[in-house]
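# Residue-level structural notes
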Amino acid sequence: MGNGGAISESVLKKILLSYTYVAIWIFLSFTVIVYNKYILDRKLYNWPFPISLTMIHMSFCASLAFSIIKVFKLVEPVSMSRELYLSSVVPIGALYSFSLWLSNSAYIYLSVSFIQMLKALMPVAVYSIGVFFKKESFKGDTMFNMLSISFGVAIAAYGEAKFDSWGVILQLGAVAFEATRLVLIQILLTSKGIQLNPITSLYYVAPCCLVFLFIPWIFVEYPILRDTSSFHLDFVIFGTNSFCAFALNLAVFLLVGKTSALTMNVAGVVKDWLLIAFSWSVIKDTVTPINLFGYGLAFLGVAYYNHSKLQTLKAKEAQKKAAEADEEEGKLLETRESEGVGENRDQS
């Protein structure tokens, strides 16, 4: 009875911890998205400078990551040569900077709810780019699933009350850059055995992002900021916004490391629906029935894709364990046979 109680308590503690990680991630992800929208939207805080905002985030994150690794030595840096940095981290940093730039720019033109609906295309982009780089195998049923997701998003776009073509192009561009980055992380880093946690990732990638963002910033936003009073920064607003962005990176690490891929996907779905509800009820964005119907179709397609991926991963893990068990059994049989031969020799 005592042991049963202890086991139940242990399981309960694990479940509560998982829910806590999920709640923290949803809260921070939700906060960063709404906060960015508030800062960039011309009808709200009215500071429509997405490159500048992204550079502030990257500067803050790079400084904190540098302090944690080099000053306080709380995290060990990854051993990385200059050649590896230039060939692997720099391309990933470039893609990340463009992805953040375009996704933040979309907040100026589109509602939070519609942006979340467009983000449902991420699995389509990741799969398509994965097939192109030969990291994914082409399958007819998977492609049909991708088409169903795309069809759902197209319906949601058709039903959007405040459709803006330029905003859609920006968000789709952000999805394409982010999907390419995710695939290249597998090709350029994971395949070489390099694992970066959020702190080391920001330590290596954030300075690279700053360099890539500085070039368009000089030509696009700096002249406007220089000639207007908008160059003045509110340290409370931008400091808390940047801190939330940094904390979100840590929350992602906690959620992925301490829970499962399925939990991450479910948490993402909950976050998206909460954002749509918040966008409609608080920000007063228009969400039409066609919007919801289209996103519902896309959501079902994404859920099925995530389920299929999870089943594939489980099957691979089961095959790996079976192969290890067979190998172990083979070694055991060899040991027994060699021992039997030894005994026969001793008897003769």
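Residues numbered from 1 in each chain as written. Predicted model: local features only at pLDDT ≥ 70, side-chain atom pairs only at ≥ 80, totals over all residues. Heavy atoms only, no water.

If you look the protein up in an unreviewed UniProt entry, it shows as Sugar phosphate transporter domain-containing protein from Trapa incisa. Under Subcellular location (unreviewed entry), UniProt gives the following word-for-word description of the protein: "Membrane". (UniProt positions renumbered as here; feature names shortened; annotations may be inferred.)

### Focus on the overall build of the protein
A tally of helices and strands in the protein yields 12 helices and zero strands. Reading the protein from its N terminus to its C terminus gives the helix and strand order α-α-α-α-α-α-α-α-α-α-α-α. Along the longest, intermediate and shortest principal axes, the C-alpha atoms of the protein span 100 × 50 × 50 Å. Of all 348 residues assigned to the protein, the portion counted as buried reaches 42%. By sequence separation, contacts in the protein at least 24 residues apart represent 84% of the contacts at least 6 residues apart. When the accessible area of the protein is evaluated, it comes to approximately 19600 Å², of which 66% is carbon and sulfur surface. (Helix = DSSP H or I, 4+ residues; strand = E, 2+ residues; numbered from the N terminus. Buried < 20%, exposed > 50% of the residue type's maximum accessible area, 1.4 Å probe, protein only. Contact = heavy atoms within 4.5 Å. Areas by Shrake-Rupley, 256 points an atom, 1.4 Å probe, with all protein chains shown as cover.)

### Some remarks on the nonpolar core
Formed by 72 residues in total, the largest nonpolar core has its most connected members in Ile-39, Trp-47, Met-58, Phe-114, Met-117, Ile-199 and Phe-238. Ile-26, Val-32, Ala-251 and Leu-255 belong to the second largest nonpolar core, which has 12 residues in total. (Core = buried A, V, L, I, M, F, W, Y, C linked by side-chain atoms within 4.5 Å.)

### Structural notes on the packing of helix 2 (residues 50-71) against helix 3 (residues 82-109)
Taken N-terminus to C-terminus, the directions of helix 2 and helix 3 make an angle of 130°; their axes are 8 Å apart at the nearest point. Judged by the angle between their axes, helix 2 and helix 3 are oblique. Of the two elements, helix 2 crosses helix 3, and the hand of that crossing is right-handed. On the side of helix 2, the interface is formed by Pro-50, Ile-51, Thr-54 and Met-58, while helix 3 contributes Tyr-96, Leu-100, Trp-101, Asn-104, Ser-105 and Ile-108. (Axes fitted to C-alpha atoms, helices over the stretch in contact; angles between N-to-C directions. Parallel < 35°, antiparallel > 145°, perpendicular 65-115°, else oblique. Left-handed = near helix turned anticlockwise from the far one by under 90°.)

### Observations concerning the state of the cysteines
Summed over all chains, the structure comprises zero disulfides. The structure places no disulfide on Cys-61, whose sulfur is separated from the nearest cysteine sulfur, that of Cys-209, by 9.8 Å. Here Cys-244 stays free of any disulfide, with the sulfur of Cys-61 as its closest cysteine sulfur at 11 Å. Since its relative accessible area comes to 14%, Cys-244 is described here as buried. (Disulfide = S-S within 2.5 Å.)

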